[in-house]
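The chain contents come next:
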Amino acid sequence: MSIALTPLEDKIIIKQAAAETQTASGLYIPDNAKEKPQQGEVLAVGPGRRDDKGERIPMDVKVGDKVLYSKYGGTEVHYQGEDYLIVGARDVLAILG
Amino acid sequence: MSIALTPLEDKIIIKQAAAETQTASGLYIPDNAKEKPQQGEVLAVGPGRRDDKGERIPMDVKVGDKVLYSKYGGTEVHYQGEDYLIVGARDVLAILG
Amino acid sequence: MSIALTPLEDKIIIKQAAAETQTASGLYIPDNAKEKPQQGEVLAVGPGRRDDKGERIPMDVKVGDKVLYSKYGGTEVHYQGEDYLIVGARDVLAILG
Amino acid sequence: MSIALTPLEDKIIIKQAAAETQTASGLYIPDNAKEKPQQGEVLAVGPGRRDDKGERIPMDVKVGDKVLYSKYGGTEVHYQGEDYLIVGARDVLAILG
Amino acid sequence: MSIALTPLEDKIIIKQAAAETQTASGLYIPDNAKEKPQQGEVLAVGPGRRDDKGERIPMDVKVGDKVLYSKYGGTEVHYQGEDYLIVGARDVLAILG
Amino acid sequence: MSIALTPLEDKIIIKQAAAETQTASGLYIPDNAKEKPQQGEVLAVGPGRRDDKGERIPMDVKVGDKVLYSKYGGTEVHYQGEDYLIVGARDVLAILG
Amino acid sequence: MSIALTPLEDKIIIKQAAAETQTASGLYIPDNAKEKPQQGEVLAVGPGRRDDKGERIPMDVKVGDKVLYSKYGGTEVHYQGEDYLIVGARDVLAILG
């Protein structure tokens, strides 16, 4: 799966897993959680934001990673029939597997 | 397309795409999105803001880029019959294509 | 006990101790405490977040540590029949024992 | 046009363009803009604020520049029959022409 | 007096003095004080938090110090029949004696 | 005019000009200004606050300067029959003349 | 006058001047002041807080200084029959005399 969007800085483009997929993988988010993380696949990764010396901070995720992310602060887009989420690097909590 | 405005620091001047153009390119923003990104073309790019050592941080977009940006924090101007948006570098989420 | 989740940055995955376990270990949180710390076992530890020079800050906890942590800011997940909490390094107050 | 006020740090003294002048130059601010930028001429420029090493950060505007600025955070003064606005360097969005 | 809890970063574990003890030592907190400091004994001291270079900042208190501290921001725990308070280094105002 | 108060850090002691004096110098503050700057004379200047390396940042005003300042954040004192204002260096907007 | 309290970091212990003393020295605080500074004598001075390199920032006041300070943020204590105030270095505005 590929996408014609190049993220900037530390932005990451995620294809959110469908509800059935989430059940299949065994991930379940309880209703009483303060913030509900979600599962998805990384489609594109920015070059990283620059540190105080102007050098890029390397990104910890790569295209193809299945990630647990927080929707908080993300931006939803619908592009050529698909929904995507653009999140910052700090919104990714963990890599599955 | 050119514009007689020179942005300062990391400011970027964007010509917002018309509604039809957005449909043609296949970008669609769902109504339930928290913050709706918009599509446009970069007309002018500032020299970059200075880091802690007083050196310019290079800009990641260039004139002519088609970008997905967040209107949040931007400033709208109408100049010689056209509408523009001035946004900071952090308001640009991704480059299309 | 192991888990198929790799935390990023300074994230820590904790298996919260059951209520009986907390009583057995003698830890008791009074009702009038402003913020109730909780006891659990560290299942996975991120590589540490990067400092201003881009180097990893070493983590002070390791897998297997019994910790006293603050739930504030953490994210609950339910994965393959178990509940976990993902917290940042600063949410761990002390190591037991 | 000159003014007997010496701005400090990164302060800039601006003579706001009259309403007719704004129409003549073709700049028009729509009513639905969140923050309305305004057009004016730079009369005096501070020496720049100091960076973390105590050195002055150079100013990007000079006396005589026609600028698009944000009134937000500025301070209005009336001096010898004229109105001026004192703004910080970050309140200047772009140089016209 | 010892405790089986190892504080992290710049955390300090304090055994709060009983009300009688406070009277005996002559410390009295007036009712109209905005924030009431309290007296206690330091039981355990973290290794210090890391500065921007990743080195530990030395702690200014040591085990056994009688301290005047602010409860604001601290976390109360009850462990094996005793009450403790976990505070950050900045919550300790002064060492008595 | 002198004063027996030595300001610390980047504090500046100002003798506020009387209302008549303000009219004489031609400075007039319109009622609709968000924050009204005021005119006064600098009586004493602190040594400057220290930067990240512990060195003093030089002050841009000197004793005797007539300044335009913002009262916001200042502290009024009445000492030996006179009113003064103690402001931080950032509250001084411009030097007159 | 001495005190058996050792302040930490940049904390300063002040013995507040009695109301009569304030009148005698000619200091008078008008009722309409936003924040009322107060006069007192410095009894104890902390070693200074550490800068980003871990070195102590020298303190600008010394034991015995008569100071004008802001009560805002300070903590009142009553110890062996006397009232004291513990303030941070930034709460001291000026040294008298």
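Quick look at the structure, then.

What counts, and at which threshold
Residues numbered from 1 in each chain as written. Chains lettered and ligands numbered in written order. Predicted model: local features only at pLDDT ≥ 70, side-chain atom pairs only at ≥ 80, totals over all residues. Heavy atoms only, no water. Helix = DSSP H or I, 4+ residues; strand = E, 2+ residues; numbered from the N terminus. Buried < 20%, exposed > 50% of the residue type's maximum accessible area, 1.4 Å probe, protein only. Contact = heavy atoms within 4.5 Å. Areas by Shrake-Rupley, 256 points an atom, 1.4 Å probe, with all protein chains shown as cover. Phe/Tyr/Trp six-rings, centres within 6.5 Å; stacked < 30°, edge-to-face > 60°. Lys NZ or Arg CZ within 6 Å of the ring centre and 35° of its normal. Salt bridge = Lys/Arg side-chain N within 4 Å of Asp/Glu carboxyl O. Pairing = 2+ DSSP bridges. Lys, Arg positive; Asp, Glu negative; His and termini not counted.

Looking at the overall build of chain A
Phase 1 of the analysis: Looking only at helices and strands, chain A has one helix and eight strands in total.
Phase 2 of the analysis: Reading chain A from its N end, one meets helices and strands in the order β-β-α-β-β-β-β-β-β.
Phase 3 of the analysis: The burial tally for chain A puts 52% of its 97 residues in the buried class.
Phase 4 of the analysis: Relative to all contacts within chain A whose residues are 6 or more apart in sequence, the contacts with residues 24 or more apart total 64%.
Phase 5 of the analysis: When the accessible surface of chain A is summed, it comes to about 4600 Å², and 48% of that surface belongs to carbon and sulfur atoms.

So, the packing of aromatic side chains
Phase 1 of the analysis: In total, this model carries zero aromatic pairs over all chains according to the counting rule given.
Phase 2 of the analysis: One residue, K15 of chain B, lies across the ring of Y84 of chain B, its end atom 5.5 Å from the ring centre.

Section: the pattern of salt bridges
Residues and elements named next belong to chain E.
Phase 1 of the analysis: Applying the stated criterion across every chain yields a total of 28 salt bridges over all chains.
Phase 2 of the analysis: D65 is paired through a salt bridge with K62; the nearest N and O atoms lie 3.1 Å apart.
Phase 3 of the analysis: Residue class for K62 comes out exposed when judged on its relative accessible area of 54%.

Observations regarding the pairing of strand β6 (residues 75-79) of chain C
Residue and element names in this part refer to chain C.
Phase 1 of the analysis: Alternating residues of β6 divide into T75, V77 and Y79, all buried, and E76 and H78, none buried.
Phase 2 of the analysis: The pairing of β6 with strand β7 (residues 82-88) spans five bridges and is antiparallel. Bridging from a neighbouring strand, T75 pairs with I86 of β7.
Phase 3 of the analysis: Between the end of β6 and the start of β7, which pair antiparallel, lie two residues, with Q80 showing a positive phi angle near 50°.

Quick notes on the pairing of strand β8 (residues 92-96) of chain C
Phase 1 of the analysis: For β8 of chain C, the buried fraction is high: five of the five residues fall into the buried class.
Phase 2 of the analysis: Looking at chain direction, strand β5 (residues 66-70) of chain C and β8 of chain C are connected through three bridges and run antiparallel. Bridging across to β8 of chain C, Y69 of chain C finds its partner in V92 of chain C.
Phase 3 of the analysis: Alignment of β8 of chain C against strand β1 (residues 5-7) of chain E, held across three bridges, turns out to be antiparallel. By the bridge assignment, A94 of chain C is partnered in β1 of chain E with P7 of chain E.

Some details on the side chain of D65 of chain F
Phase 1 of the analysis: As for its position among the elements, D65 of chain F is in the loop between β4 (37-45) and β5 (66-70).
Phase 2 of the analysis: Excluding anything up to four places from it in sequence, D65 of chain F contacts G40, E41, V42, D60 and I95 of chain F.

Overview of the side chain of D91 of chain E
Phase 1 of the analysis: Relative to the assigned elements, D91 of chain E resides in the loop between β7 (82-88) and β8 (92-96).
Phase 2 of the analysis: Comment: no salt bridge for buried D91 of chain E; closest opposite-charge side chain is K11 of chain G, at 8.2 Å.
Phase 3 of the analysis: The residues touching D91 of chain E, leaving out its near neighbours within four places in the chain, are L68, Y69, S70 and Y72 of chain E.

Examining the environment of Y79 of chain D
Phase 1 of the analysis: Inspection of the secondary structure assignment puts Y79 of chain D in strand β6 (residues 75-79).
Phase 2 of the analysis: Linking Y79 of chain D and A4 of chain D, residues 75 residues apart in sequence, is a C-alpha distance of 9.3 Å.

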